[in-house]
Amino acid sequence: MRTLKHFMALALALAMALPIGAKPKIRIIATGGTIAGVSVTSASTAYTAGQVGIQTLLDAVPQILNLADVDGEQLVNIGSQDMNDEVWIKLAKRINEILNDEGYDGVVVTHGTDTMEETAYFLNLTVKSEKPVILAGSMRPSNAISADGPANLYNAVAAASSPACRGMGVLCCMNNQLLDAKTVIKTHTIDCDTFEGGPSGIIGYIYNGEAHMLQTPNNKHTVNSVFDVSKISRLPKVGIVYGYANASPIPMQALVAAGFDGIVLAGVGDGNFYKDVFDVAVKAQESGVQIVRSSRCPTGPTCLNSEVEDSKYHFVASLDLNPQKARILLMLALTKTHDWQEIQQLFKEY
Ligand code: ASP
C-alpha cells in the first residue's frame, strides 16, 4: 500500500512536472504592509506601511528571476490593520482566476503581518486550487537596516514554485519558515521571529531556495472546502467580544443591537464568559445571533460541552481556532447554514 502510494505520488509529480528548463510561472499580488513600508530613516522605528509598489519590491530581489518567471500586480496598498472582507473576497476571486484560468503555477501574496494569519485562513477556505498560495511579509520596512522583506519574498517565490507546497493549503512564509493557515499565529509585536505554528509547530522550511515539508495539514481546505465566494460580494457580519474579569456586557449588547449575525467570544480560559456577558449571549443565541466560544489563551482548544453546556444553549465551540480565525469560519459558515449543529460540524472539519 505504502509502495503503491509512493508510486502514485511519483507518477503525479512527473505528470505535473514542467518541461526541462522551463521555469514555473508565478504571479505576485501585492497588498501593502511593512514589506512595502518606508521608515523616516533606515535606523528609525517610525514608519508607514504600504508605501512602495510591487515593482520596487521585485527590484529589491532580482535573484527571484533565477527561481521562476515572476510578474506582479497591485491589488491594494494598505497596512494590514486596514484589511477587510471586501479585499478578501476580491483577493480570493483574483487568485482563483490566476491559478485556474491564466496558467500560473503559483501565487505569492505580499501582505502586512498584523492580519496575515486571518487572510491566510480566509484564502485557505476559499481558494479553489491545489497550486501553492504563499503569503509573505516583513517586520522591518523596506529601507530599514537588515530589512527582512527581500529574503521573505525570495523564499515565498521558492515555495510557490515548489511541487512540495502543492496541496498543502495556503501557507505563510516568514523568517525561513513555512506555516499553515489554520495554526499560524503572530506572537510578537516587533520581532522578525514572530510567527509560530501553534502546538503542531511549523509545517516546513525554506533552505537554499528549496522548500522542505515536515508535515501536512489535517483539516479540510482549498479544493476540499465547501465555501465558495465566486458569487458573493459581502459576508455576514460577525464581531468579536473580549473576555476579562468583571467584563461589561455592553460590547455584546451593542453588536446584537447593531444587527450582527454572529458573535465570537474571546473568552477566558476554555472559552468562559463573565456571568453578565453569559446572560446576554444566551438571549442573543435565542434571538438568532450565533454565538461561538473561543479563548483569549494563545494555545489550547476551546472544548465543546466542557465548562459550558453548549448543547443546551446552542453555542458553538471554536475547538482549535483562535477568535480571529473563528470569526472567519463563522462568517463563511453563515453563508451556508444557520443551524448551530451544522456550524459546529464545520468547526470540526475546517
Ligand atoms: N502594521 C503592519 C501591517 O500589518 C505591520 C507589518 O506588516 O508587519 O501592515
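Look above for the structure.
## Re the overall build of the protein chain
A tally of regular secondary structure across the protein chain gives 11 helices and 16 strands. Principal axes of the C-alpha set define a box for the protein chain whose edges measure 65 × 60 × 35 Å. Per-residue burial over the protein chain gives 52% buried out of 350 residues. Just so you have it, the protein chain exposes about 15,900 Å², and 53% of that area is on carbon and sulfur atoms. Across the protein chain, the mean location of the 27 positive side-chain charges is 3 Å away from that of the 34 negative side-chain charges.

## With respect to the packing of aromatic side chains
Here the structure, examined in full by the defined rule, presents 7 aromatic pairs. Ring plane angle 70 degrees and centroid distance 5.5 Å describe the contact between Phe273 and Phe278, whose orientation is recorded as edge-to-face. The exposure class assigned to Phe273 is buried, which follows from its relative accessible area of 13%. Among the aromatic residues, those joined into a cluster by ring pairs are Phe273, Phe278, Tyr313 and Phe315.

## Brief notes about the site of the ligand
Around the ligand, the surrounding shell consists of Gly33, Thr34, Tyr47, Ala49, Gly79, Ser80, Gln81, Gly112, Thr113, Asp114, Ser138 and Met139. Note that an oxygen atom of the ligand is positioned 2.5 Å from one of the side-chain N or O atoms of Ser80. With respect to the ligand, the side chain of Thr113 contributes an N or O atom lying 2.5 Å from an oxygen atom. Protein contacts shield 93% of the accessible area of the ligand, which totals 270 Å² for the unbound molecule. Among the residues making up the shell around the ligand, the classes are represented as 3 nonpolar, 8 polar and 1 charged.

## Some points on the nonpolar core
Residues Ile95, Phe122, Leu123 and Phe347 are the most contacted members of the largest nonpolar core, which totals 55 residues. At 8 residues, helix H4 (residues 85-100) tops the list of elements feeding residues into this core. Excluding residues within four positions of it along the chain, Ile95 makes contact with Ile29, Val107, Val109, Leu123, Val127 and Val133.

## What to know about the pattern of salt bridges
Within the structure shown, the criterion is met by 11 salt bridges. The partner of Arg327 in a salt bridge is Asp85, with the nearest N and O atoms 3.6 Å apart. Of the two residues, Arg327 is situated in helix H10 (residues 323-333) and Asp85 in helix H4; the sequence distance between them amounts to 242 residues. Among the salt bridges present, the one from Glu349 reaches Lys220, with a minimum N-O distance of 3.0 Å. A residue pair is termed long-range when its members are at least 10 positions apart, and Glu349 in helix H11 (residues 340-349) and Lys220 in the loop between strand E12 (210-213) and strand E13 (238-242) qualify at 129 residues. In this structure Lys220 comes out as partly exposed when scored by relative accessible area, which is 34%.

## Digging into the state of the cysteines
Per the stated rule, a full pass over the model turns up 0 disulfides. Cys165 forms no disulfide, and the closest cysteine sulfur to it belongs to Cys173, at a distance of 8.2 Å. On the basis of relative accessibility, which here comes to 1%, the residue Cys165 falls in the buried class.

## Examining the side chain of Arg293
Here Arg293 is to be found in strand E15 (residues 290-295). On the basis of relative accessible area, Arg293 is assigned to the buried category, the value being 0%. Separated by 2.8 Å, the side chain of Arg293 and the backbone oxygen of Asp270 make a polar contact. In terms of polar contacts, Arg293 uses its side chain to reach the side chain of Asp310, at 2.7 Å.

## Concerning the packing of H4 against helix H5 (residues 116-126)
Where H4 meets H5, the closest approach of the two axes is 10 Å, and the angle between their N-to-C directions is 50 degrees. As the angle between them shows, H4 and H5 are arranged oblique. The chirality of how H4 crosses H5 is right-handed. Contacts between H4 and H5 involve Trp88, Ile89, Leu91, Ala92, Ile95 and Asn96 from the former and Glu118, Thr119, Phe122, Leu123 and Thr126 from the latter. For the contact of H4 with H5, the residue count by class is 7 nonpolar, 3 polar and 1 charged.

## Re the sheet that holds strand E11 (residues 204-207)
Two pairing modes exist for strands in a sheet, parallel and antiparallel, and in both the strands are linked by backbone hydrogen bonds. Strand order in the open sheet made by the 8 strands is E4-E1-E5-E6-E7-E8-E11-E12, with mixed pairing throughout. Strands with a single pairing partner mark the edges of an open sheet, and in this sheet they are strand E4 (69-78) and E12. Pairwise comparison of adjacent strand axes, ignoring direction, gives a mean angle of 25 degrees for this sheet. Sheet analysis places strand E8 (residues 177-180) next to E11, joined by 2 bridges and oriented antiparallel. In the sheet register, Gln177 faces E11, and the bridge partner there is Tyr205.

Cut-offs and rules
- Residues numbered from 1 in each chain as written.
- Predicted model: local features only at pLDDT ≥ 70, side-chain atom pairs only at ≥ 80, totals over all residues.
- Heavy atoms only, no water.
- Helix = DSSP H or I, 4+ residues; strand = E, 2+ residues; numbered from the N terminus.
- Buried < 20%, exposed > 50% of the residue type's maximum accessible area, 1.4 Å probe, protein only.
- Areas by Shrake-Rupley, 256 points an atom, 1.4 Å probe, with all protein chains shown as cover.
- Lys, Arg positive; Asp, Glu negative; His and termini not counted.
- Charge placed at Lys NZ, Arg CZ, Asp CG, Glu CD.
- Phe/Tyr/Trp six-rings, centres within 6.5 Å; stacked < 30°, edge-to-face > 60°.
- Near = heavy atom within 4 Å.
- Polar contact = N/O pair within 3.5 Å; in protein donor to acceptor, adjacent residues only side chain to side chain.
- Nonpolar A, V, L, I, M, F, W, Y, C, P; charged D, E, K, R; others polar.
- Core = buried A, V, L, I, M, F, W, Y, C linked by side-chain atoms within 4.5 Å.
- Contact = heavy atoms within 4.5 Å.
- Salt bridge = Lys/Arg side-chain N within 4 Å of Asp/Glu carboxyl O.
- Disulfide = S-S within 2.5 Å.
- Axes fitted to C-alpha atoms, helices over the stretch in contact; angles between N-to-C directions.
- Parallel < 35°, antiparallel > 145°, perpendicular 65-115°, else oblique.
- Left-handed = near helix turned anticlockwise from the far one by under 90°.
- Pairing = 2+ DSSP bridges.

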